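So you can see what is in the structure, the chains are spelled out below.
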Amino acid sequence: MAFPSPTLTAESEETKEFVARQADLADSLLTTAHRENLRAEVTRLFDHPRHGAPFRRGTNLFYFHNSGLQPHSVLYVQDSLDGEPEVLLDPNTLSKDGTVALSTYSLIEDGKYIAYGLSESGSDWVTIRVMNIADKQPLSDKLSWVKFSSISWTHDGKGFFYGRYPAPRESELDAGTETNINLNHEIYYHVVGSDQSEDILCWKDPEHPKHSFGASVTEDGKYIILGIYEGCDPVNKLYYCEISTLPQGIEGFKETKEMLPFVKLIDNFDAQYQVVANDGDEFTFLTNRNAPKNKLVRVDIKKPETWTDILPEHERDVLESADAVNGNQLLVCYMSDVKHILQIRDLVTGSLLHKLPLEIGSVSEISCRREDTEVFIGFTSFLSPGIIYRCNLTSAIPEMKIFREISVPGFDRTHFEVKQIFVNSKDGTKIPMFVMSKKDIELDGSHPTLLYGYGGFNISLTPSFSVSRLVLCKNMGFVVCVANIRGGGEYGEEWHKAGALAMKQNCFDDFIACAELLISSGYTSSRQLCIEGGSNGGLLIAACVNQRPDLFGCALAHVGVMDMLRFHKFTIGHAWTTDYGCSDKEEEFHWLIKYSPLHNVRRPWEQNFGSSCQYPAIMLLTADHDDRVVPLHSLKLLATLQYVLCTSVEDTPQVNPIIGRIDRKSGHGAGRPTKKMIDEVADRYSFMANILGASWTD
C-alpha cells in the first residue's frame, strides 16, 4: 500500500485514493451480523422521547424536545408550563440529511427575538440568524465566519455581542475542510436588522493573534464583561465596560471606529474568573485563584483592592458551578469523587442553607435565573436515562420533585450494576474508575470489556446514560468501564496539571494501570479488552497502543490528536499548547516526541514484547469536516501504522486489521444527526465485537 507523504494536502489525488481504499477496506470488514444487530437494537432503544429543562424569557417558557429518532432536538415555546407547546425552531427542516445543526442560541430579555447559530456538516464555523418569536419568521440578518462564540443581548433589545474570525481568503471554500490556523479573533456588536458589514468592532488584539475572547452582558444589563483567553487552560483576563457611561451608547462607536473603553479588572493569566452575580458594582466570582478546587470571592470592581472569600475552597470536593437564584441564594454544585452534590447557600455569606437530595450521578443542566423562585435541574447516571427535577425554593425545605423522567422501552435498571473502584497507578496515585455490567457476573476473566478514557483539558467524565453501552452490556455481555485519569478536572486543577505538559505520561500510566487491574481482577483478558477514546482521548488510545501493544485486543480512537509535533499549525490547535506544550520550544519538543503517536509506531516483535506480539486491531475514526482536530492526524497515523507494521514487512506477524472510518459531511462530533450517530455506533462496536469474539443474545 502506498505511504502518502506528510506534505500532501487533503485535496491531492493520492490522498483521495488512499481515503477511498480505506473505505473499501472498512466496508469489507464491517459487513457482519453484529453490525445489523447493533444498528437495530440501538435504534429501537434510542426511539424514546427526550426533554430538556424549561427556561423562561419574557412571558414565555422554552424547552428542547426530541420525539425519539428525529435528527436533532426541536425548540418549543409555550406561555406556561401547562400551556400548549408550539414549535419555534426546528433544525430538522433546514437540510434533507440532517447535517445542518443548531450549535448556539440566545433569547433577548423580553423574549421578542432569538439569535441562533447554525453549523453545517459538523464544522465549527457557525452562521448566526435572527428570528422574531411572535411570528416565528427569520429576519434578514446573517452573520458569517463565527466560531467559538457565545451570543449575548443588550437589555435595550437593539442587538447582541458575538465573536468571529476574519473571512478566509479562499472564495470557494467548503467551510470545515480547510486546515488554516485560526488567528485574530474579534468581538463585534450586531444591531438587529442591519448588515454584518455594519457591525461594530468592540475588541481585538492584533499583538496577540492567538488570544480568543468572549463578551457577555450581566444579568442586570449594566455591564459588558470581556473574558480573554490564551488557550484552553482555566485562566482568563477579565475586563468590564459600564454601558451607562457610553455617551452615545454602543452604536456611537460605529462612527469613531474606536473599541469599547473596557476597564482592566484582571490583566494576567494567573487564574480563572467567572461571574456568578452582581449587585451594582459588587461582583461575586467563581475562581481558582489560590484554590485549585475553586471558591467564591466578592469584590467591588470600582475598589478592586479588597477581595473577600465568600465560600472558601473545599478540602476535597471541587466547586463546579454556582448560580444565583431566588434573590439572594445560590444553587451550588460540587463534585465529590466524580459524583455531583447540590446545595442551597446564602449569596451574601456563603453559609449552607439546604442540601438537595440527589442519587449518585451527574447534574446535566441547571435552568434558573436570579429572579426565579424555582429551578429545573437535569440529572443522569449510568443507569438513569434522565430526570428533570423541579425545585421550589420558597418552601421551608426545598423539595426535588420529578417534573419529567425519560423512559427507555424495555430497559430494566435492576438487571445491571455500577461500581466505582480505585486503581493504584504506576506512582501510587489512586485513579477512580466506574465499572458497569450485568448484575452478579463471575470474575473469571471471560468477559469482553470496553475501557473508555479522556484525561485532558480539565474535562471530567461524570456518570451519564448511553444506549449503545447499555446494548453492549445487555446483548453482548460486555463490562463497560470509564477511567477518570489525571489530566481531567475530577479533583480540580492539581489533578488537571498532573496530566498535562511535562506530566502527560501520567495519563497513559493511569489508563494502562486501569487496564491491568481489569485483567488481574478477573473481569477480562488482554485478548478481550478494547480501549476507546475521542479527541484528546484518541491521543490517549494511540499512545497506549504504542506503549503497550500486548495489553489490548482492540482499540477505537476517534478524531485523535496524533501528530504532537505539528498540531499547533492547524485551525485552533495552537490553543492546546497550554495542555501539551509546543514543539517549537526545545524542552517541550522532548516531552512531545516521547509519546507522539505518529512518531512512536514500532514493530513490537522487534522490541521487548516477544517475536509473536503484534498491535491490537485498530479503528481510527475521523470525518471530512472536522476542523477542530483535522483529519490529517488520523490519516497520517493510519498510513504509518499500515506501512510500518504491514506493507513494508515480508511475512509480517501483524494480522490484526488496522482500518480507518472516514465519515462524510461530519465533523468533530457535535451536531451529528441521530442516524449518523447510530451508524457509527454500529460500525465501531461491531468491529470491536467481532475482534473480541463476543456473541449476540436477544
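The protein chain carries the name Prolyl endopeptidase in an unreviewed UniProt entry, which gives Leersia perrieri as its organism. Recorded in UniProt for the protein chain, the comment headed Catalytic activity (unreviewed entry) runs: "Hydrolysis of Pro-|-Xaa >> Ala-|-Xaa in oligopeptides."

Caption draft 1: View of the sheet that holds strand β28 (residues 384–392). What the 4 strands build is an open sheet, ordered β26-β27-β28-β29; its pairing is antiparallel. The sheet terminates laterally at β26 (362–367) and β29 (400–405), the two strands that pair on one side only. Across the sheet, the axes of successive neighbouring strands diverge by a mean angle of 30 degrees, strand direction being ignored. One ladder, built from 5 bridges, connects β28 with β29; its direction is antiparallel. Note that in β29 the partner of Y389 across the bridge is I402.

Caption draft 2: View of the side chain of N182. Here N182 shows up in the loop between β11 (159–164) and β12 (186–191). Separated by 3.1 Å, the side chains of N182 and K147 make a polar contact. Ignoring any residue separated from it by four or fewer positions in sequence, one finds N182 in contact with W125, K147, F148, Y165, T571, I572 and H574.

Caption draft 3: The arrangement of the pairing of strand β30 (residues 416–424) in detail. Pairing of β30 with strand β31 (residues 430–438) involves 9 bridges; the strand directions are antiparallel. Its bridge partner being in β31, F422 is matched across the sheet by P432. Counted along the chain from β30 to the antiparallel partner β31, the turn is 5 residues long, and its residue G428 has a positive phi close to 95 degrees.

Caption draft 4: Geometry of the state of the cysteines. Scanning the model with the defined rule gives 0 disulfides in all. C582 supplies the cysteine sulfur nearest to C232, a cysteine that is in no disulfide, at a spacing of 14 Å. Of the residues examined, C232 reaches a relative accessible area of 33% and is grouped as partly exposed. Left without a disulfide partner, C613 is nearest to the cysteine sulfur of C646, which lies 14 Å away. Look at C613 and you get buried, because its relative accessible area is 10%.

Rules used in this analysis
- All residue numbers here refer to positions counted from 1 along the written sequence of the relevant chain.
- pLDDT decides what is reported in this predicted model: residues at 70 or higher carry local features, side-chain atom pairs at 80 or more are listed and counted, and totals for whole chains, interfaces and linings draw on all residues regardless.
- Excluded from the side-chain calculations are hydrogens and water; all other atoms, namely the structure's heavy atoms, are used.
- UniProt positions are given in the numbering used here, feature names are shortened, and annotations may be inferred rather than shown by experiment.
- When DSSP finds two or more bridges between a pair of strands, those strands are recorded as paired.
- The helix count covers DSSP runs of H or I at least four residues long, the strand count covers runs of E at least two residues long, and both are numbered beginning at the N terminus.
- Convention adopted: a line fitted to C-alpha atoms gives each axis, helices being fitted over their contacting stretch, and angles between N-to-C directions are expressed from 0 to 180 degrees.
- By the criterion applied in these results, polar contacts are pairs of N or O atoms within 3.5 Å in which, for protein atoms, one can donate a hydrogen and the other can accept it, and in which residues neighboring in sequence qualify only through two side-chain atoms.
- In this description, contact between two residues means that some pair of their heavy atoms is separated by no more than 4.5 Å.
- Disulfides are defined as pairs of cysteine sulfur atoms found within 2.5 Å of each other.
- Relative accessible area decides the class of each residue, using a 1.4 Å probe on protein chains only: under 20% of the type maximum gives buried, over 50% gives exposed, and in between gives partly exposed.

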